[in-house]
Amino acid sequence: MAKLSPIDVQKALKGAEYPASAKDLASLAKSNGADDSVVEKLQGSGTKRYDGPDDVQKAVFGSGA
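What comes next is a walk through the structure. Position labels on residues start from 1 in each chain and follow its written sequence. pLDDT decides what is reported in this predicted model: residues at 70 or higher carry local features, side-chain atom pairs at 80 or more are listed and counted, and totals for whole chains, interfaces and linings draw on all residues regardless. The side-chain values count all of the structure's non-hydrogen atoms but skip hydrogen atoms and water molecules.

### Examining the overall build of the protein
So, step 1. Secondary structure elements are taken from DSSP: a helix is a run of H or I of four residues or more, a strand is a run of E of two residues or more, and numbering for both begins at the N terminus. Tallying secondary structure elements over the protein gives four helices and two strands in all.
So, step 2. Secondary structure elements of the protein occur, N-terminal to C-terminal, as α-β-α-α-β-α.
So, step 3. Against the 2.2 N^0.38 benchmark of 11 Å for 65 residues, the protein shows a C-alpha radius of gyration of 10 Å, consistent with a compact globule.
So, step 4. For the protein, the C-alpha atoms occupy an extent of roughly 30 × 25 × 20 Å along the three principal directions.
So, step 5. Scored against the burial criterion, the 65 residues of the protein give a buried share of 28%.
So, step 6. Contacts are assigned to residue pairs with any non-hydrogen atoms lying within 4.5 Å of each other. When contacts within the protein are restricted to residue pairs at least 6 apart in sequence, those whose partners lie at least 24 apart make up 54%.
So, step 7. Of the charged side chains in the protein, 9 are positive and 9 negative, and the gap between their average positions amounts to 2 Å. Computation of the radius of gyration draws on C-alpha atoms alone. For the globule rule, the value is 2.2 Å times the number of residues to the power 0.38. Whether a residue is buried, partly exposed or exposed follows from its accessible area with a 1.4 Å probe, protein chains only, as a fraction of its type maximum: under 20%, in between, or over 50%, in that order. Note that His is not counted, nor are the chain ends; the positive residues are Lys and Arg, and the negative ones are Asp and Glu. To locate a charge, the coordinates of NZ of Lys, CZ of Arg, CG of Asp or CD of Glu are taken.

Encoded structure:
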């Protein structure tokens, strides 16, 4: 897969309801057919709870995303 992009993450989390745990978002991403790298980023970000899509982007890509 090419470099992970914010669009990949948005597609993987289609239908997400916030706040959500990292575990729930990783599970949703898997069920949405996300690439393993997306799932790993969600699980390995160190964030336990996400209050919205902006939190996900910051955790996965850093504050500059």
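Continuing now.
### Points about the nonpolar core
So, step 1. By nonpolar core we mean a set of buried residues, namely Ala, Val, Leu, Ile, Met, Phe, Trp, Tyr and Cys, connected to one another through side-chain atoms within 4.5 Å. Counting residues in hydrophobic clusters, the biggest one holds 16 residues, and the most contacted among them are Val9, Leu13, Leu25, Ala29, Val38, Leu42 and Val56.
So, step 2. Mapped by element, the contributors of at least two residues to this core are α1 (6-12), α2 (22-31), α3 (36-44) and α4 (53-61).
So, step 3. Counting residues per element, this core draws most heavily on α2, which supplies four residues.
So, step 4. Ignoring any residue separated from it by four or fewer positions in sequence, one finds Leu13 in contact with Tyr18, Leu25, Leu28, Ala29, Asn32, Leu42 and Val56.

### Concerning the environment of Ser21
So, step 1. You can see Ser21 is positioned in strand β1 (residues 20-21).
So, step 2. Sequence spacing of Ser21 and Lys48 is 27 residues, and the spatial spacing of their C-alpha atoms is 5.7 Å.
So, step 3. Two N or O atoms form a polar contact when they lie within 3.5 Å of each other; inside protein one atom must be a possible hydrogen donor and the other a possible acceptor, and for residues adjacent in sequence the pair counts only when both atoms belong to side chains. A polar side-chain atom of Ser21 sits 3.0 Å from the main-chain amide nitrogen of Asp24.

### A few points about α4
So, step 1. Within α4, burial applies to Val56, Gln57 and Val60. Around the axis of α4, the buried residues are gathered within 95° of arc, so they sit on the same side.
So, step 2. Tucked inside the fold, the buried residues of α4 contact α1, α2, α3 and β2 (49-50).
So, step 3. Two residues or fewer past α4, Gly62 is found with a positive phi of approximately 95°. Starting at the helix axis, one direction is taken to each C-beta atom, and the arc is that of these directions.

### Points about the pattern of salt bridges
So, step 1. We define a salt bridge as a side-chain nitrogen of Lys or Arg found within 4 Å of a carboxyl oxygen belonging to Asp or Glu. Under the definition given, this model contains one salt bridge.
So, step 2. Here Arg49 ties to Asp51 by a salt bridge, and the two come within 2.8 Å at their closest N and O atoms.

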